[in-house]
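Here's the letter readout for the chains.
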Amino acid sequence: AREAGAGRIILTEGWGEDVWAVNGYEAFIDEVGAETVNLDEPAPADDFASVSVPDALALDTILLHQAIVEADAFISVPKIKCHASAGITLAIKNIFGCTPLPRYRERARDQYRSTMHAGNLGERLPRILVDVLKARPIDFAVVDGISTIDQGEGPWVHGSSGAVIRTVEPCLLMAGRNPVAVDAVGTAVMGFDPAAPGYSDPFPSSQNHIALAAEQG
């Protein structure tokens, strides 16, 4: 990004201010002169931006950090993984984490966006993923497939529905300007049909959010 002429590089994450140090990124951040933002806090703004969703499928507005709304280029950098609720998590599912957790949970103790998970999750979540993408379109996606995990999004799903979480090393990177195309290729690379109907592999618990995004243009 810096070589392409970026005046500012802002790294965003919703897991607290210490997430960068815990994962060993401090030296890299200093080297490239990047800034960091905690997406669960509106600072330095007084509040989050309320962004209207054109032709919304589930939510008419999405709350987002001002840094994401105002950025000249919004880059999604996900790991290539399966996901218990969404089936596949790549560029589109990755930006679900841009929504502020404290504003999308029913109880303060909830460690997930419980208001977004309410109701029929298999129908609601894919629509919300597309709504977030509509609210803040991804300008560029870089998918990290160098090293990842198989059969789920994290160790907490190990044993659930027979999932056996293990480390795998595909040793690949994918990038592109169209997040739907990138996710479709990523799904195919994982050995699945990106156009698979909902409630079938790799989307056994939900509608296919990638196909839904493609239908929405």
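Coordinates for the structure precede this section.
Residues numbered from 1 in each chain as written. Predicted model: local features only at pLDDT ≥ 70, side-chain atom pairs only at ≥ 80, totals over all residues. Heavy atoms only, no water.

Trainee: Quick question: what am I supposed to make of the side chain of Lys93 here?
Mentor: Looking at the secondary structure, you find Lys93 in helix α4 (residues 91–94). If we skip the residues at most four places from it in the chain, Lys93 touches His83, Ala86, Ile88, Leu129 and His209. (Helix = DSSP H or I, 4+ residues; strand = E, 2+ residues; numbered from the N terminus. Contact = heavy atoms within 4.5 Å.)

Trainee: What am I meant to see in helix α5 (residues 121–135) here?
Mentor: Because an α-helix packs 3.6 residues into every turn, residues spaced three or four apart end up facing the same way. With 15 residues, α5 should reach 21 Å at 1.5 Å per residue; the first-to-last C-alpha distance of 20 Å fits that figure. Counting buried positions along α5 yields 11 of 15 residues, so the element is predominantly enclosed. Listing the buried residues of α5 in full gives Gly122, Leu125, Pro126, Ile128, Leu129, Val130, Asp131, Val132, Leu133, Lys134 and Ala135. Of the surrounding elements, those touching the buried residues of α5 are β3 (49–52), β4 (61–64), α4, α6 (179–189) and α7 (209–215). (Expected span 1.5 Å × (residues − 1). Buried < 20%, exposed > 50% of the residue type's maximum accessible area, 1.4 Å probe, protein only.)

Trainee: Hey, could you run me through the nonpolar core in this one?
Mentor: One broad rule of soluble globular proteins: the nonpolar side chains tend to lie buried together. If you look at the biggest cluster of nonpolar residues, it comprises 42 residues, and the most contacted ones within it are Ile62, Ile95, Cys98 and Ile138. Contributing elements (two or more residues each) for this core: β3, β4, α3 (66–70), α4, α5, β8 (140–145), α6 and α7. No other element matches α5, which puts seven residues into this core. Every residue in contact with Ile62, bar those within four places of it in the chain, is listed here: Ala49, Ser50, Val51, Val53, Thr99, Tyr104, Asp131, Val132 and Ala135. Ile9, Val19, Trp20 and Ile29 belong to the second largest nonpolar core, which has five residues in total. (Core = buried A, V, L, I, M, F, W, Y, C linked by side-chain atoms within 4.5 Å.)

Trainee: In this structure, what is going on with the sheet that holds strand β5 (residues 75–76)? I would like to understand it.
Mentor: As summarised here, the arrangement of the three strands in space is β5-β8-β11, forming an open sheet in which the pairing is mixed. Of all strands in the sheet, those bounded by a partner on one side alone are β5 and β11 (172–176). Looking at chain direction, β8 and β11 are connected through five bridges and run antiparallel. Pairing of Ala141 across the sheet is with Gly176, part of β11. Along the sheet, α6 contacts β8 and β11; its crossing angle with β11, the most-contacted strand, is approximately 155°. (Pairing = 2+ DSSP bridges. Axes fitted to C-alpha atoms, helices over the stretch in contact; angles between N-to-C directions.)

Any link to function would need more than the numbers given here.
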